[in-house]
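Next come the chains, spelled out residue by residue.
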Amino acid sequence: MSKTLEFEGISKYFHGVAALKNISFSAKSGEVVALVGENGAGKSTLLKILGGDYQPTAGRYLINGEEKHFASPHDAIQAGVGLIYQERQMVPELTVAENIFMGRLPKKYGMVDFQTLNREAQRLIDEFELKIRPADRLKNLSVAMQQMVEILKVYSRNPGLIAFDEPTTALTGGEAEVLFRIIEEKLKKHDIIILYVSNRMNEIFRICVKIFVM
């Protein structure tokens, strides 16, 4: 069954100043929807409302027809919402596997089960055809590969929705191609709703089927 996301009349004010005004649009699984607009248009604010960081001043959002009110990022994650911000939500000193399953490390006899951890991480790495290893330290990877690890972290939670906030800002052209391949060949085919925030129109015309201008 197709998954859906709907924003209805979302507004957000900070100390009387409007960051968002009456935002309404929808998206469904298997499609990439672009959010575009000038700096300060409220794109990141909208994602933070969806991710439970902010509460809307007015309006509502629905996932699969059910109205949601995420009081925290944890609530959003539990409901299958994954957000990938420009700022990495990772720990450089930890390994690839530890970052992917951060907060959900498999245990055995009260200790971290590294055999299971690395096996599950390798399964995801193989699925995405990445040239990294579970035991690699995140700090030793390129910016692009660090971003891929963050995608694996979100994907490992079986999300129904993933939102990207300016994902190619620090990537080279070749690195961006890896990201596009993952979005097109992996995420879309798993019927995930994808929101894509960017002002790079060549990227948007390539991978997005709908554009919402803010």
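Residues numbered from 1 in each chain as written. Predicted model: local features only at pLDDT ≥ 70, side-chain atom pairs only at ≥ 80, totals over all residues. Heavy atoms only, no water.

Colleague: It is not clear to me how the packing of helix α5 (residues 143–155) against helix α6 (residues 173–187) should be interpreted in this structure. Could you clarify?
Modeller: α6 packs onto α5 with a crossing angle of 20 degrees between their chain directions and a minimal axis gap of 10 Å. The angle between the axes of α5 and α6 places the two elements in the roughly parallel class. Once α5 is placed against α6, the crossing between them reads as right-handed. Listed contacts from α6 to A144, M145, Q147, M148, I151 and Y155 of α5 are E175, V178, L179, I182 and L187. Considering only residue class, the contact of α5 with α6 consists of 9 nonpolar, 1 polar and 1 charged. (Axes fitted to C-alpha atoms, helices over the stretch in contact; angles between N-to-C directions. Helix = DSSP H or I, 4+ residues; strand = E, 2+ residues; numbered from the N terminus. Parallel < 35°, antiparallel > 145°, perpendicular 65-115°, else oblique. Left-handed = near helix turned anticlockwise from the far one by under 90°. Contact = heavy atoms within 4.5 Å. Nonpolar A, V, L, I, M, F, W, Y, C, P; charged D, E, K, R; others polar.)

Colleague: Is there a simple way to think about helix α4 (residues 114–127) in this case?
Modeller: Since the α-helix advances by 3.6 residues per turn, residues separated by three or four positions end up pointing in the same direction. For α4, with 14 residues, the first-to-last C-alpha span of 20 Å sits near the 20 Å given by 1.5 Å per residue. Looking at the buried residues of α4, the elements they touch are α3 (96–100), β8 (111–112) and α5. At the exit of α4 stands E129, carrying a positive phi of roughly 55 degrees. (Expected span 1.5 Å × (residues − 1).)

Colleague: Sorry, what's going on with the pairing of strand β2 (residues 17–28) here?
Modeller: Here strand β1 (residues 4–14) pairs with β2 via 8 bridges, running antiparallel. Considered in β2, the bridge of K12 is made with L20. Hairpin remark: β1 followed by β2, antiparallel, with 2 residues in the connecting loop; positive phi at H15, about 55 degrees. (Pairing = 2+ DSSP bridges.)

Colleague: Please explain the sheet that holds β1 as it appears in this structure.
Modeller: Strand pairing in a sheet is mediated by backbone hydrogen bonds. Such pairs are either parallel or antiparallel. Reading across the sheet, the 4 strands line up as β2-β1-β4-β5 and stay open at both edges, with antiparallel pairing between neighbours. Sheet topology places β2 and β5 (66–68) at the edges, where each strand pairs with a single neighbour. Strand after strand, the sheet turns through a mean of 30 degrees between neighbouring axes, direction not considered. Note: strand β4 (residues 58–63) against β5, 3 bridges, orientation antiparallel. In the strand pairing of β5, L62 is matched with E67.

Colleague: I'm lost on the pairing of β1 in this one. Help?
Modeller: Within a regular beta strand, the side chains point alternately toward one face of the sheet and then the other, so they alternate between its two faces. As paired strands, β1 and β4 are joined by 5 bridges and run antiparallel to one another. By the bridge assignment for β4, E8 is matched with R60.

Colleague: Sorry, what's going on with the layout of surface pockets here?
Modeller: One water molecule sets the probe size; rolling that probe over the atoms shows where empty space is left. One number sums up the size of the largest pocket: a volume of about 330 Å³. Among the secondary structure elements, those contributing two or more residues to the lining of the largest pocket are α1 (43–50), α2 (73–78), β6 (81–84) and α5. Broken down by class, the residue content of the lining of the largest pocket amounts to 7 nonpolar, 5 polar and 7 charged. (1 Å grid on protein atoms, 1.4 Å probe; cavity = no way out; pocket = protein on both sides within 12 Å on 5 of 7 lines; lining within 4 Å. Points joined across faces, edges and corners; volume = space filled by probe spheres on them.)

Colleague: Would you explain the side chain of S198 in this entry?
Modeller: With respect to the helices and strands, S198 occurs in the loop between β10 (193–197) and α7 (201–207). What makes S198 buried here is its relative accessible area of 1%. A distance of 3.0 Å separates the side chain of S198 from the backbone nitrogen of R200, its partner in a polar contact. Among the polar contacts made by the side chain of S198, one reaches the side chain of E203 at a distance of 3.5 Å. Excluding residues within four positions of it along the chain, S198 makes contact with L35, V36, E166, E203 and I204. (Buried < 20%, exposed > 50% of the residue type's maximum accessible area, 1.4 Å probe, protein only. Polar contact = N/O pair within 3.5 Å; in protein donor to acceptor, adjacent residues only side chain to side chain.)

Colleague: When you look at the pattern of salt bridges in this model, what are you seeing that I'm missing?
Modeller: Pairs can form between side chains of opposite charge whenever their charged atoms are close. Counting across every chain of the model gives 10 salt bridges. For R60, the salt bridge goes to E67, with nearest N and O atoms at 3.2 Å. Ionic pairing is found between E66 and K68, a salt bridge with its closest N-O pair at 3.6 Å. For E66, a relative accessible area of 47% translates into the label partly exposed. (Salt bridge = Lys/Arg side-chain N within 4 Å of Asp/Glu carboxyl O.)

Colleague: I tried to follow the side chain of S29 on my own but got confused; where do I start?
Modeller: As for its position among the elements, S29 is in the loop between β2 and β3 (32–36). S29 has contacts with S2, K3, D191, I192 and I193, leaving out every residue within four places of it along the chain.

Colleague: So what exactly am I meant to see when it comes to the packing of aromatic side chains here?
Modeller: A ring pair, where both rings are aromatic, is described by two values, the distance of the centres and the angle of the planes. Under the defined criterion, the tally for this structure stands at 7 aromatic pairs. Taking the centre distance of 5.2 Å and the plane angle of 70 degrees together, the rings of F14 and Y54 count as edge-to-face. Note that F14 is positioned in strand β1 and Y54 in the loop between α1 and β4, a separation of 40 residues in sequence. Aromatic pair F164 and Y196: ring centres 6.4 Å apart, planes at 50 degrees, arrangement tilted. In this pair, F164 sits in strand β9 (residues 161–165) while Y196 sits in strand β10, placing the two residues 32 residues apart along the sequence. Just as F164 is buried, Y196 falls in that class too. Through successive ring pairs, a cluster of aromatic residues spans F7, F25, Y61, F70 and F212. Positioned above the aromatic ring of F14 is the side chain of K12, whose terminal nitrogen or guanidinium carbon lies 5.1 Å from the ring centre. (Phe/Tyr/Trp six-rings, centres within 6.5 Å; stacked < 30°, edge-to-face > 60°. Lys NZ or Arg CZ within 6 Å of the ring centre and 35° of its normal.)

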